[in-house]
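Residue strings, one per chain:
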Amino acid sequence: MDESINLDTLSEIFPYSFEDHFNMNAQTMNKVGQVTSSKLRVPTSKERILRAKLIFEEALETIEALGVSMEFDYNLYSFLDEGEDNYNPKEVLDGVCDMAVVANGTLLACGLASVYSEALNRVDENNWSKVKDGVIKDENGKYKKPPGYKPVVLDDLIERVT
């Protein structure tokens, strides 16, 4: 039986704060010569390609750790279940943590880290708005946007870091 997280005890479950995470991530990035910024910036072509490669690599590692393989050719791809014997929870945990490090590093490189917490809250609330009055799924089980759905508003956060 699944047990829901008690929201009143999140600080006990997650004592490591976003601030701690971003500080450690920024120190690591600076140590290896990667740019971090507190102001909005467009990373160089080299930086953008690096961030994309890192995100993709960590996503693929996590997909593999889930016991799933991918076949793709240009824009066509499929996911194949490789069986429970290929499921590796340690590598799933590592992959998800690595994706968080890489994704948050991308926020640091782009000068967006200072508004991340508020953006994440808005995105969470926006995602909840898609399902709070009932769930609509496509043929693959992905949640679809309900009629009247309004996209998340982040423009003011971008203005804040400009």
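Structure: above.
Nothing here was measured: the structure is a model prediction, and the numbers come from that model. Position numbers for residues start from 1 in each chain and track the written sequence from start to end. Totals for whole chains, interfaces and linings use every residue, but because this is a predicted model, local features are given only for residues with pLDDT of at least 70 and side-chain atom pairs only at 80 or more, for both listing and counting. Computation of side-chain values covers all heavy atoms of the structure but excludes hydrogens and water.

Right, let's talk about the overall build of the chain for a bit. What the chain contains, in helices and strands, is 6 helices and 2 strands. Starting at the N terminus, the α and β elements of the chain follow one another as α-α-α-β-β-α-α-α. By definition in these notes, contact holds between two residues if any of their heavy atoms fall within 4.5 Å. Pairs at least 24 apart in sequence give 57% of the contacts found in the chain among residues at least 6 apart. Surface accessibility of the chain: about 12300 Å² in total, with carbon and sulfur atoms responsible for 56%. By the criteria applied, helices consist of DSSP H or I runs no shorter than four residues and strands consist of E runs no shorter than two, each listed in order from the N terminus. In these tables, accessible area is a Shrake-Rupley quantity obtained with a 1.4 Å probe, and a residue counts as shielded only by the protein chains included in the view.

With respect to the helices and strands, the residue Glu64 is situated in helix α3 (residues 45-65). Here Glu64 falls in the exposed class, since its relative accessible area comes to 57%. Along the sequence, Glu64 and Asn86 sit 22 residues apart, while their C-alpha atoms lie 8.0 Å from each other. Burial status follows relative accessibility: with a 1.4 Å probe on protein chains alone, a residue under 20% of its type maximum counts as buried, one over 50% as exposed, and anything between as partly exposed.

Phe22, Leu107, Leu108 and Leu112 are the most contacted members of the largest nonpolar core, which has 14 residues in total. Counting residues per element, the ones that place at least two in this core are α2 (18-31), α4 (89-110), α5 (116-131) and α6 (155-161). With 4 residues, the single largest contributor to this core is α4. Here, the term nonpolar core denotes a set of buried Ala, Val, Leu, Ile, Met, Phe, Trp, Tyr and Cys residues that are joined through side-chain atoms within 4.5 Å.

A cluster of acidic residues, Glu57, Glu61, Glu64, Glu71, Asp81, Glu82, Glu84, Asp85 and Asp94, forms a negative patch at the surface. With 3 residues, the single largest contributor to the negative patch is α3. Mapped onto the fold, Asp94 is located in helix α4. Patches here: salt-bridge-free residues with over 30% relative accessible area, like charges joined within 9 Å, nonpolar side chains (Val, Leu, Ile, Met, Phe, Trp, Tyr) joined within 5 Å. Each salt bridge in this description consists of a side-chain nitrogen of Lys or Arg and a carboxyl oxygen of Asp or Glu lying within 4 Å of one another. In this count, Lys and Arg are taken as positive residues and Asp and Glu as negative ones, while His and the chain termini are left out. The location of each charge is read from NZ of Lys, CZ of Arg, CG of Asp or CD of Glu.

Right, let's get into the pattern of salt bridges. Oppositely charged side chains can pair when the atoms bearing their charge come close. In this structure the tally under the stated criterion is 5 salt bridges. The partner of Arg41 in a salt bridge is Glu47, and the shortest N-O contact between them spans 2.7 Å. Residues Arg160 and Glu118 are paired through a salt bridge, measuring 3.1 Å at the closest nitrogen-oxygen approach. Of the two residues, Arg160 is situated in helix α6 and Glu118 in helix α5; the sequence distance between them amounts to 42 residues. Classification of Arg160 by relative accessible area gives partly exposed; the value is 48%. The class of Glu118 is partly exposed, set by a relative accessible area of 32%. A cluster of three or more residues bridged by salt bridges with shared partners is formed by Glu118, Arg122, Asp156 and Arg160.

Before going further, it helps to spend a moment on α3. Taking 1.5 Å per residue, 21 residues should reach 30 Å; α3 reaches 30 Å between its end C-alpha atoms and fits that length. Where α3 is concerned, the buried positions are Glu47, Arg51, Glu58, Thr62, Ile63 and Ala65. If you follow the buried residues of α3, they end up packed against α2, β1 (68-73), β2 (76-81) and α4. One fewer than the residue count of a helix, multiplied by 1.5 Å, yields its expected span.

Here the focus is the side chain of Glu58. With respect to the helices and strands, Glu58 occurs in helix α3. Buried within the structure, Glu58 lacks any salt-bridge partner; Arg51 is the closest side chain of opposite charge, at an N-O distance of 9.2 Å. Residue contacts for Glu58: discarding those within four places in its chain leaves Gly95, Asp98, Met99 and Val102.

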